[in-house]
Every structure is written in C-alpha cells, then in structure tokens.
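# Examination of the molecular architecture
The lines below spell out each chain.
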Amino acid sequence: MELSGARLGKKVLEMQGVSKSFGDRTIINHFSFLFKPGDRIGIVGNNGSGKSTLLNILAGRESIDEGNLEKGQTVKIGYYTQESVDMDENLRMIEYIRETADSIALKDGSFISAAQMLERFLFPMGSHGTPIRKLSGGEKRRLYLLNILMSAPNVLLLDEPTNDLDTQTLTVLEDYLETFSGVVITVSHDRYFLDKTCHQLLVFKNKGDIDFYYGSYSEFLEEKTEEAEPVKAPEPQMNRTEKKKKKLTYAESKEWEEVEGNMERAELRLKDITSEMSAAGSDFEKVRLLLEEEKELTDKLDHLMERWTYLAEKLEEE
Ligand SMILES: Nc1ncnc2c1ncn2[C@@H]1O[C@H](COP(=O)(O)OP(=O)(O)O)[C@@H](O)[C@H]1O
Ligand SMILES: [Mg+2]
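Structure report, in brief. (Residues numbered from 1 in each chain as written. Chains lettered and ligands numbered in written order. Predicted model: local features only at pLDDT ≥ 70, side-chain atom pairs only at ≥ 80, totals over all residues. Heavy atoms only, no water.)

## A look at helix α6 (residues 167–179)
In an α-helix, one full turn covers 3.6 residues, which means residues spaced three or four apart are oriented alike. Quick note on the threshold: Runs of H or I in DSSP of at least four residues are treated as helices and runs of E of at least two as strands, each being numbered from the N terminus. One fewer than the residue count of a helix, multiplied by 1.5 Å, yields its expected span. Relative accessibility thresholds used throughout: buried, under 20% of the residue-type maximum; exposed, over 50%; partly exposed, between the two (1.4 Å probe, protein chains only). Whenever a nitrogen or oxygen atom comes within 3.5 Å of another N or O atom, the pair is scored as a polar contact, on the condition that within protein one atom can donate a hydrogen and the other can accept it, and that pairs from neighbouring residues in sequence are kept only if both atoms are in side chains.
Given a rise of 1.5 Å per residue, 13 residues ought to cover 18 Å, and the 19 Å separating the end C-alpha atoms of α6 matches this to within 8%. Those residues of α6 that fall on the buried side of the exposure criterion are Thr169, Leu170, Thr171, Val172, Leu173, Glu174, Tyr176, Leu177 and Thr179. At the N-terminal boundary of α6, the capping side chain belongs to Asp166, with an oxygen 3.1 Å from the backbone nitrogen of Gln168.

## Digging into the coordination of the magnesium ion (ligand 2)
Stated precisely, the cut-off is as follows: A 2.8 Å cut-off from the metal defines N, O and S donors, relaxed to 3.2 Å for Na, K and Ca; water is not in the atom list, so some sites may appear incomplete.
Coordination of the magnesium ion (ligand 2) by the protein is provided by Ser52 (OG) and Gln82 (OE1), with metal-donor distances spanning 2.1 to 2.5 Å. Taken together, the positions of Ser52 in helix α1 (residues 51–58) and Gln82 in the loop between β5 (77–80) and α2 (93–100) put the pair 30 residues apart, joining distant regions of the chain. Owing to a relative accessible area of 23%, Ser52 belongs among the partly exposed residues under this scheme. According to the relative accessible area criterion, Gln82 is partly exposed, its value standing at 38%.

## Side note on the environment of Asp159
Applied cut-off: Between two residues, a contact is recorded if the distance between any of their heavy atoms is within 4.5 Å.
Position of Asp159 relative to the elements: it lies in strand β8 (residues 155–159). Residue Asp159 is classed as buried on the basis of its relative accessible area, which comes to 2%. Separated by 130 residues in the primary sequence, Asp159 and Asn29 place their C-alpha atoms 21 Å from one another. In contact with Asp159, not counting residues within four places along its chain, are Ser52, Leu55, Tyr79, Tyr80, Thr81, Gln82 and Val187. Here Ser52 takes part through its side chain, which lies 2.6 Å from a polar atom of the side chain of Asp159.

## Focus on the sheet that holds strand β4 (residues 66–71)
Quick reminder of the rule: Two strands qualify as a pair provided that DSSP identifies no fewer than 2 bridges between them. The axes used here are C-alpha line fits, helices contributing only the stretch in contact, and every angle between their N-to-C directions lies in the interval 0 to 180 degrees.
Strand order in the open sheet made by the three strands is β2-β1-β4, with antiparallel pairing throughout. Only two strands of the sheet have a single neighbouring strand rather than two, namely β2 (25–35) and β4. Averaged over neighbouring strand pairs, the angle between their axes works out to 20 degrees when direction is ignored. Bridge analysis of strand β1 (residues 13–22) against β2 gives seven bridges, and the strand direction is antiparallel. For Glu14, the partnering residue across the bridge sits in β2 and is Leu34.

## Considering the nonpolar core
Put simply, the rule reads: Each nonpolar core is a collection of buried residues, namely Ala, Val, Leu, Ile, Met, Phe, Trp, Tyr and Cys, held together in the definition by side-chain atoms within 4.5 Å.
Counting 37 residues, the largest nonpolar core has Met117, Leu143 and Leu158 as its most contacted members. Put simply, the parts of the chain that give this core at least two residues each are α2, α3 (114–120), α4 (137–150), β8 and α6. Excluding residues that lie within four positions of it along the chain, Leu143 makes contacts with Met87, Met93, Tyr96, Ile97, Leu118, Phe123, Ile132 and Leu135. Listed in part, the 25 residues of the second largest apolar core include Ile27, Ile41, Leu157 and Leu202.

## Describing the site of ligand 1
Note the threshold: By convention in this text, a residue qualifies as near a molecule or strand provided that one of its non-hydrogen atoms is within 4 Å of it. Computed by Shrake-Rupley with a 1.4 Å probe, the accessible areas treat only the displayed protein chains as cover when residues are assessed. Nonpolar residues are Ala, Val, Leu, Ile, Met, Phe, Trp, Tyr, Cys and Pro. Charged residues are Asp, Glu, Lys and Arg, and all others, Gly as well, are polar.
The local shell around ligand 1 consists of Phe22, Arg25, Ile27, Asn46, Asn47, Gly48, Ser49, Gly50, Lys51, Ser52 and Thr53. The contact in question runs from an oxygen atom of ligand 1 to an N or O atom on the side chain of Lys51, over 2.8 Å. Relative to its unbound accessible area of 560 Å², ligand 1 is 58% covered by the protein chains. For the shell around ligand 1, the elements supplying multiple residues, two or more each, are β2 and α1. For the shell around ligand 1, the class distribution of residues is two nonpolar, seven polar and two charged.

## Some details on the packing of aromatic side chains
Threshold: Between 30 and 60 degrees the pair is tilted, below 30 it is stacked and above 60 it is edge-to-face, where a pair is any two Phe, Tyr or Trp rings, Trp via its six-membered ring, whose centres lie within 6.5 Å. Two conditions define a charge located above a ring, namely a distance within 6 Å from the ring centre to NZ of Lys or CZ of Arg, and an angle within 35 degrees of the ring normal.
Tallied over the full model, the rule gives nine aromatic pairs. Seen from their ring centres, Phe31 and Phe33 are 6.0 Å apart, and the 10 degrees between their planes marks the pair as stacked. Across the pair, exposure class does not vary: Phe31 and Phe33 are buried alike. Pairing Phe121 with Tyr176 gives two aromatic rings, centres 5.7 Å apart and planes at 65 degrees, and the pair type is edge-to-face. Placement of the pair is Phe121 in the loop between α3 and α4 and Tyr176 in helix α6, with a sequence separation of 55 residues. Given the relative accessible area of 2%, Tyr176 is considered buried. Through a chain of ring-to-ring contacts, three or more aromatic side chains come together here, namely Phe31, Phe33, Phe35, Phe212 and Tyr214. Above the plane of the ring of Phe123 lies Arg142, whose end atom (NZ or CZ) is 4.3 Å from the centre.

This is the structure:
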C-alpha cells in the first residue's frame, strides 16, 4: 500500500535562528534547521528539555521569541500530541473517522475507506459502530492517531506515541510509516520505535542547545557509551534464526512475525531502564517507577520468550 499524500516542495519547514524561553528558562537557543522532503527525524532529550515545545512551534501552536519559521506552501501538518484530546464521546467510531474523511487516496489512484483503515488499525469490522465512550484509554488514543492519518497530512508530528499505544498498534504504525511519503518527526524515548522510524536525530542538550546527529538512535547511544567507556564486553546474543512458517495457525504465524520484534523492543527498553536508573540517582519516585516498569517488562519478556520457544519448536516439527 503506497499512500499518495499532497506533494511537498523542496522546503518543508525551515527554522532560522529560532529562540524560545519560558520566563528566564531558555528552551531553544538560536536554532536553525531545514526539514526536507522524506526526512525521518527523531527528537530526543531529557524530560522537560523542550521537545514538545519544538513540535508546538513547528505546528504553529507556540510563538517564538526570536528568529524565523518558514513553512512550505503545500505543507499539511498532522500532529499527534501528548495531551488528551476532546472527542465527542457519543459519536460512533466510524462516524468520528468519517467526519475527517470517508477514504484516503493511495499512490496507484485507488482508495482505502475509513472502515478499512479502522480494520488496519486493529478495530475489527464488527466494532465500528461502538460509541467512543465505551472505548478504553488506549483504544481512544489509537482512534485519535488514526483520525490524524485520515486527514492526509504530509508532515506528521508524533509526540511520544509509544507512551500510550500498545505494541501491536506500534507495529501497525511502523509499517504504515514505511509507506508514508511525507516527513515524520517523532519525539520518543523508545529505542526500538526510533530505530525503525528515524534516520536522523535532534538531540536536546542543556540550556536550549540542540545537536544534529546523522544516524539511528542506537548508533547515537553506542557512540555515547563508547566515549564514556571505550572497552565494552560483547553482549551475549540469543540465536534467533530465521525460520519458515509451517504448521502454524494464522494467528500463530502473525504472532511469530511479531514476537521477535516485541522481544527486541522489550530488551532494548530494559537496557535503557538500567541506564535511566543509574542517572536517576536519589530521585526515588523516578526509581520506583522505573523498577515497576522493569518488573512489568521482565514478566512480559519471559512470556514472549516462552511463546517464541513454543512457536519455534512447532515450526521445527516437519
Ligand atoms: N506554555 C508554557 N508555559 C511555561 N512553561 C512551559 C510551557 N510549556 C512548557 N513549559 C516548560 O518548558 C520546559 C520544556 O517543556 P516541554 O517542551 O514540554 O519538554 P519535553 O517535551 O522535552 O518534556 C518545561 O520545563 C516546561 O515546564
Ligand atoms: Mg513532551
């Protein structure tokens, strides 16, 4: 599936010497950057460093104190924000999506309908008449995301999408973004998601300085640890050989396709938790939250590994 989306000129968004402060706190300090067609940019940095503010500026929702922001003529922004959004809770899912669009265009001239998009984003056909008020928090966020995609943006701003979307939805989103021809700018701490969706990074440092890094988030982290500790012991790797799909039910082969990615995602996050934990120092509340997350992830990883072993063994039976 290739999405068509409106054409983008050479210049998508250009920031020239942009500065932004809140009170006496500098969030962005004389920052210049040109966002070009096809760019996939991750934004990383500590909590409170200014990542959301940068997205708000790009989306025209936040003013700048100094400098200039230019926006290409054809730019149409879709913005998945961190805040909860107002939805008319009495609308049915399909009505809510259709208020934005009945369908979206693909590159080959065909269309994908609102109902097909809902299905693609894991809402089965029979559920489309459900009123929004009956959805769980996670389902509402998924619907909200889908609604943004239905508005056919050519610049997509994603603020911490991995915080409230489940891993299955993230897998669908990752696939979707692969066929998306527009610009994607993602704020996230999730290494797996960033690695999958971004080739370049903007890294928030202290006092509003932002570094550009050409490479994936994993490469960036690796370079950072190499600088800190040049000698690194090799990490034990599980041998996860490619196996052909045999004798698996439909649900199982879908599970097989996703299980390694999900394991990898959990493992990467666990590693990051370890470093976040040592950085948290005596911030006990943060440490407590990290420990909780670690426990949850370890359980999940155990379960995934069990499933992986089970499915792999089943595949080996000829
Ligand atoms: N509208 C605002 N008014 C005053 N301070 C704000 C406003 N928006 C954000 N801030 C402050 O600016 C800093 C950066 O916020 P934000 O961009 O949300 O950080 P991040 O997304 O990186 O966690 C924080 O200290 C936050 O409290
Ligand atoms: Mg934020």
